[in-house]
Amino acid sequence: EVLVPEEPRAAAPVGFLQELPSYQSALRRRAAAGGTQGRRAAAQGSAGLRAAEARGPEQDGGELAARPARELPLSIAEKRILRDCQQADIKYLSAWKQWKRTSSKSLKKGLSEVKEFSSYLELWRHDIHSIEGKFGTGIQSYFSFLRFLVLLNFIIFILMFSFVTLPTIVSKYGIFNSSLAKIPPENIEPHCTVYKPGGNKGLVYFYAYLKDLLSGTGFLEVTRLFYGYYTIDEAWFSTLRYNLPLAYLLATFAYLALSLIWIIKRSVEGFKQNLVHDEDQFQSYCNKVFAGWDFCITDPNAARLKHRSLQYELQTDLEEERLKRKIADRTMKEKLRIYSLRIFINIIVIAVLSGCFYSIYRATVFSLENSIDISNTNSQANLLVQYLPSMVITLANFIAPQIFSFLIRFEDYSPAFEIRLTLMRCVFVRLANIGVLLFSLWSQISYCATDECKACGYNYELYPCWESEVGQEMYKLMIFDFIIILAVTLFVDFPRKLLVTHCSCKPVQWCGLQEFRISDNVLEIIYGQTICWIGTFFSPLLPAIATIKYFIIFYIKKISLIHTCKPAARPIRASSSNFFFLVVLLIGLLLAFIPLGISIAHIPSSKACGPFRSFNTSWAVVPDTVLGFPTGLQQVLHAIASEAFAVPFFMVVCLIMFYFIALAGAHKRVVEQLREQLVMVRFDPLF
Amino acid sequence: AYKRFSELLPKEERGNACAARVPKSQILTLPELRANPFQHRICRVFSTSDDGDDSMSFEDFLDMLSVFSDSATADIKSHYAFRIFDFDDDGTLDRKDLEKLVNCLTGQGEESRLSNAEMEQLIQNILEESDIDKDGTINLSEFQHVVSRSPDFTRYGGLQR
């Protein structure tokens, strides 16, 4: 006998449910994808389970294309019977259809095997899986994010290396009949071109090497690490001319564009869900209750903690709802009081921020002025002075969030909003600190008192090669960030764990083990990544350092997590946190565009070093190249860049956007109407 | 998977693992199920034994693993999740089922349960969000609909390999 798939036992108004847009689009998707939905079952038992082929289209009148037996919710015995029926049906088809079916079956199988094999190649797959099992998916999302950054930095490094560094290596050593060409710049004052980097000559102490390694000066300054090395105008490979300045600039744009596209692609999923859910609460009750239990948990301790955290979450949400109702009942007098209190606290926040910014500015100016004056013999102080901006930034990044989380308690917001606002403020502090550092750097570099200086456009006496200077600052920031993460793990986390396990006095136990604060850690690595993006233009090999740094940080954090942390009492959900990390990363990237844009297009490039010596600014190499194109192409490019093209283009984009917004509004209305219909159907059987 | 199943059987039956049935107590020693609050429901749903003792044959074991694996579709997972959450096996999730479900989630023991008022408020909210035809219960389609919009479901619903 033929066994039909189990009918859902509740009948009645289900038909109307199938008109909902989400269900329809799910059906359409399923029909289009056909059998490619069926993937390999985890079990490879001796029962020899095989997916039955999808039925031929002529046998389907209804909406559902038949699915492989794997996708049907039946027990194995029932699936076997279904498969036998389908095999019997196949005999009635023509030979062509049979061949088509078998070939598509083997293709699908091949594709799924390739997919599974490629998942084995994923970096750290097993580590992240085990973290997920012990600590839940919120923390796992942090580690996946870290892995994403390692890959991104590696790709950026490959990009910069192959287009900028490799040609210089190849042409320097004359491989493939290549040679360099250094064209001395014309129309430049000779005093702008004087540049004698300190490279260590003669006998130096070992300590000097260490200092140079840490601060990017000395022997490191003349290596390929920094912009100043690439004082090459073109490279010749037999008869091909390789325009290095153009390649340098285009590689910079390429890595920025690549990062932007990759991040947007990753965040699109999270955004789609947010958009769909905006009418419900951000984390609705159903999501918490039906999808609340993390089936990956295998450890009873972790299970107990998960129970408690679920209980806490549900209770907090219910309390928040009650609080919202109370807020709606507030009197005018109370509202006035609360709003004035909030304004006052925001003023305090702004004051704290200005304090941070001013101290960073002063520290940077002091460091720049004094690191050049102090002679090499006073090495220790010099190193400290060089690292002063980094230290001040790290201190500000540490203190400001504590102040913010203390202040927000007085502002009387709902708990969820409190968390979000504090996070936003912390993000702003971290990213703005970098901005202030760069601003103070530029104000020093562009500060011009004498006429000679104005002829060069920048302070040629102190900073003959200012791009290398900026590159060195970014390098120092990155190294210091790494050192701090190492130091905090070694000297704070592990001693704390030792103290808690061996000392049983009350205050120590009350302090307890630390939790793995996901948001703080994420902000830390985003801060590091923003520095990397800004610094890569000035120091092409910086992404390699960033890759290695994040690689090591992964293992440090993993060890610290496993040995010194207790699971968080208030877990952040994985879905919302993924989207949040990517949004903040995107903000960091967009913020990185600004300093890069200013230094490429506005500040005159240094005339003593680097590939842009012969040009006014770094951007000037592009118009120069365009002038070398055939006139037809030039005219096309000029037309695209003109207003006659940009304004209509902008208007068309706006129109398309309005169309999609209107479509979304219409869908919403249809959903509302269908809901009402469903409710009415229950009462009116003739409907 | 075959290896893991045969490990659950007592030694003398291991040669004939395909035909044997493993009693429920043994199944519950699996690490994935040990910490799971829905362990009893899972055994009940996947077991095809006729005498209601919730023992599982090798095929039932495979069924269970395939539903919980990463490569099962969301449809299957939601279908089985519905059956697992349906404590009284009547095909719908009514208030009593939801109450038992929430109690399972928050843990065993008296102090970990929500108060009656909180439970009422919570169940009211859940029904508001998911009960489309307003009949006071959640049927399979409504459940699948609400779960398809839930971003955490596919993420949480998988066992480790």
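Bear in mind the structure is a predicted one, so any value in this text is a computation, not a measurement.

Undergrad: What is the right way to look at the packing of aromatic side chains in this model?
TA: Any two aromatic rings considered together are summarised by their centre-to-centre distance and by the angle between their planes. Residue and element names in this part refer to chain A. Counted according to the given criterion, the structure contains 26 aromatic pairs over all chains. A ring pair is formed by F551 and Y555, whose centres lie 5.6 Å apart and whose planes are at 65°; its orientation type is edge-to-face. Here F551 pairs with Y555, and both are found in helix α19 (residues 542-564), just four residues apart, close to one helical turn. What makes F551 partly exposed here is its relative accessible area of 35%.

Undergrad: I would appreciate a short explanation of the packing of helix α3 (residues 76-90) of chain A against helix α5 (residues 58-68) of chain B in the present structure.
TA: The relative placement of two packed helices is expressed as an angle between their axes plus a distance between the axes. For the pair α3 of chain A and α5 of chain B, interaxial distance at closest approach is 9 Å and the crossing angle is 85°. By the angle between their directions, the pair α3 of chain A and α5 of chain B is classed as roughly perpendicular. Residues I76, A77 and R80 of chain A of α3 of chain A pack against E59, L62 and D63 of chain B of α5 of chain B. Of the residues belonging to the contact of α3 of chain A with α5 of chain B, the class tally is three nonpolar, no polar and three charged.

Undergrad: Please explain the side chain of S618 of chain A as it appears in this structure.
TA: Positionally, S618 of chain A belongs in the loop between α20 (574-601) and α21 (621-627). Ignoring sequence-local partners within four residues, the contact set of S618 of chain A consists of L249, E467, F537, S599, I600, S605 and F612 of chain A.

Undergrad: Can you walk me through the domain arrangement of chain B in this structure?
TA: The parts lose accessible area when they come together, and the size of an interface is often stated as this lost area. All names here are of chain B. Assigned domains within chain B: domain 1 (1-72) and domain 2 (73-160). In this assembly, 14 residues from domain 1 lie in contact with 18 residues from domain 2. A combined buried area of about 1,500 Å² lies between domain 1 and domain 2, and 67% of that area is made up of carbon and sulfur atoms. Among the residues of domain 1 in contact with domain 2, F38, R41 and F68 are the three that bury the most area, contributing 40% of the side total. Between R41 and D89 there is a salt bridge; the shortest N-O distance is 3.2 Å. At the boundary of domain 1 with domain 2, the tally comes to four residue pairs in polar contact (both at pLDDT 80 or more).

Undergrad: Explanation requested: unusual backbone geometry in the structure shown.
TA: Negative phi characterises most residues that are not glycine, and trans characterises most peptide bonds. In this model, D89 of chain B sits at a positive phi of 55°, which is unusual for a non-glycine residue. For D89 of chain B, a relative accessible area of 41% translates into the label partly exposed.

Undergrad: How do you make sense of the confidence of the model for chain A when you look at a structure like this?
TA: Close inspection of predicted coordinates is inappropriate for parts of the model with low pLDDT. All names here are of chain A. For chain A, per-residue confidence averages 77 on the pLDDT scale, and residues scoring 70 or more make up 79% of the total. Averaged pLDDT values over the elements of chain A bottom out at 52 in helix α1 (residues 14-17) and peak at 91 in α19. Across residues 1-14, where pLDDT falls below 50, the model places 20 contacts with residues more than four positions away in sequence or in other chains. Note that residues 277-283 has pLDDT below 50 and, in this model, 14 contacts with residues that lie over four places away or in other chains.

What counts, and at which threshold
- Residues numbered from 1 in each chain as written.
- Chains lettered and ligands numbered in written order.
- Predicted model: local features only at pLDDT ≥ 70, side-chain atom pairs only at ≥ 80, totals over all residues.
- Heavy atoms only, no water.
- Phe/Tyr/Trp six-rings, centres within 6.5 Å; stacked < 30°, edge-to-face > 60°.
- Helix = DSSP H or I, 4+ residues; strand = E, 2+ residues; numbered from the N terminus.
- Buried < 20%, exposed > 50% of the residue type's maximum accessible area, 1.4 Å probe, protein only.
- Axes fitted to C-alpha atoms, helices over the stretch in contact; angles between N-to-C directions.
- Parallel < 35°, antiparallel > 145°, perpendicular 65-115°, else oblique.
- Contact = heavy atoms within 4.5 Å.
- Nonpolar A, V, L, I, M, F, W, Y, C, P; charged D, E, K, R; others polar.
- Domains from an automatic or database assignment.
- Buried area = accessible area lost by both parts, 1.4 Å probe.
- Salt bridge = Lys/Arg side-chain N within 4 Å of Asp/Glu carboxyl O.
- Polar contact = N/O pair within 3.5 Å; in protein donor to acceptor, adjacent residues only side chain to side chain.
- pLDDT = per-residue confidence, 0-100.

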